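For reference, the chains in residue letters:
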Amino acid sequence: LFAYHLPLDAHPELGNNVQLARVLGWVPGACLPQQPLVMHGTLVQSMSAGEVARSVAARLAREPLLVGDPAKRVRSVAWCTGGGQGYFEDAIAGGADLFLSGEASEQTIHLARESGIPFLAAGHHATERYGARALSDHLSQLGLCAEFVDHDNPV
């Protein structure tokens, strides 16, 4: 069983998005109404975008790309693991102070600069490995033979 992408991204308990929030210490809320693959939530306490980036780096063991003002205060966050950078506009419309995804593309860089909303690209693999691990653990608890195999990917 290979477990990644849309079904696992969106699962409310084992999914990549909810598991990433757990790892990052974020408080997940509901998915955005206009985009069910994007989670919206809050930080336990307000911090600067630079502090968020440093926290993400420490928890994922990977330095994220921060685009935007590192001093901007952040409380409300939205995220979509993997290649979810195309949902940045939805996150802005949903009121996020910062958006995190796995990857960045040309338009996300400009949108962060023009909107004033910081964008974090934390790595496709780095943001999506936790859902697969949670699914493996869940299947093992059901008595099935399951093993999470982590093959690092630098993107």
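Anything mentioned here points back to the structure above.
Summarised in this report is the structure supplied together with it. A quick note: this is a predicted structure, and the numbers were derived from the prediction, not measured.

**A few points about the pairing of strand 4 (residues 73-80)**
On a regular strand, one side chain projects to one face of the sheet and the next to the other, so that they alternate. Most of strand 4 sits out of view: six of its eight residues are buried. One ladder, built from six bridges, connects strand 2 (residues 35-48) with strand 4; its direction is antiparallel. Paired with Gly-41 across the strands is Val-77, a residue of strand 4. By the bridge criterion, four bridges tie strand 4 to strand 5 (residues 98-101) in an arrangement that is parallel. The residue bridging Val-77 from the neighbouring strand is Leu-98, located in strand 5. In terms of handedness, the path from strand 4 via helix 4 (residues 88-93) over to strand 5 forms a crossover that is right-handed.

**Details of helix 2 (residues 16-24)**
Of all nine residues in helix 2, eight are buried, a share of seventy percent or more. Turning to helix 2, its buried residues are Asn-16, Asn-17, Val-18, Gln-19, Leu-20, Ala-21, Val-23 and Leu-24. At the exit of helix 2 stands Gly-25, carrying a positive phi of roughly 80°.

**Some thoughts on the pattern of salt bridges**
The tally for this structure, following the rule as stated, stands at one salt bridge. Across the salt bridge formed by Glu-51 and Arg-73, the nearest N and O atoms sit 3.7 Å from each other. Linking Glu-51 in helix 3 (residues 49-60) with Arg-73 in strand 4, this pair joins segments that are 22 residues apart in sequence.

**Regarding the sheet that holds strand 5**
Backbone hydrogen bonds hold the strands of a sheet together, and the pairing may be parallel or antiparallel. Pairing is mixed in the open sheet, where six strands are placed in the order 1-2-4-5-6-3. Strands at the two margins of the open sheet, each flanked by one partner only, are strand 1 (27-32) and strand 3 (65-67). Across this sheet, the average inter-strand angle for adjacent strands is 25°, counted without regard to direction. Each of strand 2, strand 3, strand 4, strand 5 and strand 6 (119-121) is contacted by helix 3, which is oriented at about 110° to strand 2, the strand it contacts most.

**Some thoughts on the side chain of Asn-16**
Among the secondary structure elements, Asn-16 is positioned in helix 2. Taking relative accessible area as the criterion, Asn-16 reaches 0% and is therefore assigned buried. In terms of polar contacts, Asn-16 uses its side chain to reach the side chain of Asp-9, at 2.7 Å.

**Describing the pairing of strand 1**
Direction of pairing for strand 1 relative to strand 2: antiparallel, over a ladder of four bridges. Opposite Val-27, over in strand 2, you have Thr-42 as the bridge partner.

**Remarks on the environment of Gly-29**
Along the chain, Gly-29 turns up in strand 1. Since its relative accessible area comes to 43%, Gly-29 is described here as partly exposed. The spatial distance from the C-alpha of Gly-29 to the C-alpha of Ala-78 is 9.4 Å, given a sequence separation of 49 residues.

**Structural notes on helix 5 (residues 106-115)**
Buried within helix 5 we find Thr-108, Ile-109 and Ala-112. Looking straight down helix 5, one finds its buried side chains confined to an arc of 105°; they lie on one side. Turned more than 90 degrees off the buried face of helix 5, the exposed positions are Glu-106, Gln-107 and Glu-114. If you follow the buried residues of helix 5, they end up packed against strand 3, helix 4 and strand 6.

**Thoughts on the nonpolar core**
Membership of the largest hydrophobic core comes to 23 residues, with the highest contact counts inside it found for Trp-26, Val-52, Val-56, Leu-60, Trp-79, Leu-98 and Leu-100. For this core, the secondary-structure elements that each account for two or more residues are helix 2, strand 2, helix 3, strand 4, strand 5 and helix 6 (124-141). In contact with Trp-79, other than residues within four places in its own chain, are Asn-17, Leu-20, Ala-21, Trp-26, Pro-28, Leu-37, Val-38, Met-39, His-40, Gly-41, Phe-99 and Leu-100.

Reading the values: rules and limits
Residues numbered from 1 in each chain as written. Predicted model: local features only at pLDDT ≥ 70, side-chain atom pairs only at ≥ 80, totals over all residues. Heavy atoms only, no water. Buried < 20%, exposed > 50% of the residue type's maximum accessible area, 1.4 Å probe, protein only. Helix = DSSP H or I, 4+ residues; strand = E, 2+ residues; numbered from the N terminus. Pairing = 2+ DSSP bridges. Right-handed = clockwise from strand over helix to strand, strands pointing away. Salt bridge = Lys/Arg side-chain N within 4 Å of Asp/Glu carboxyl O. Axes fitted to C-alpha atoms, helices over the stretch in contact; angles between N-to-C directions. Contact = heavy atoms within 4.5 Å. Polar contact = N/O pair within 3.5 Å; in protein donor to acceptor, adjacent residues only side chain to side chain. Arc of directions from axis to C-beta. Core = buried A, V, L, I, M, F, W, Y, C linked by side-chain atoms within 4.5 Å.

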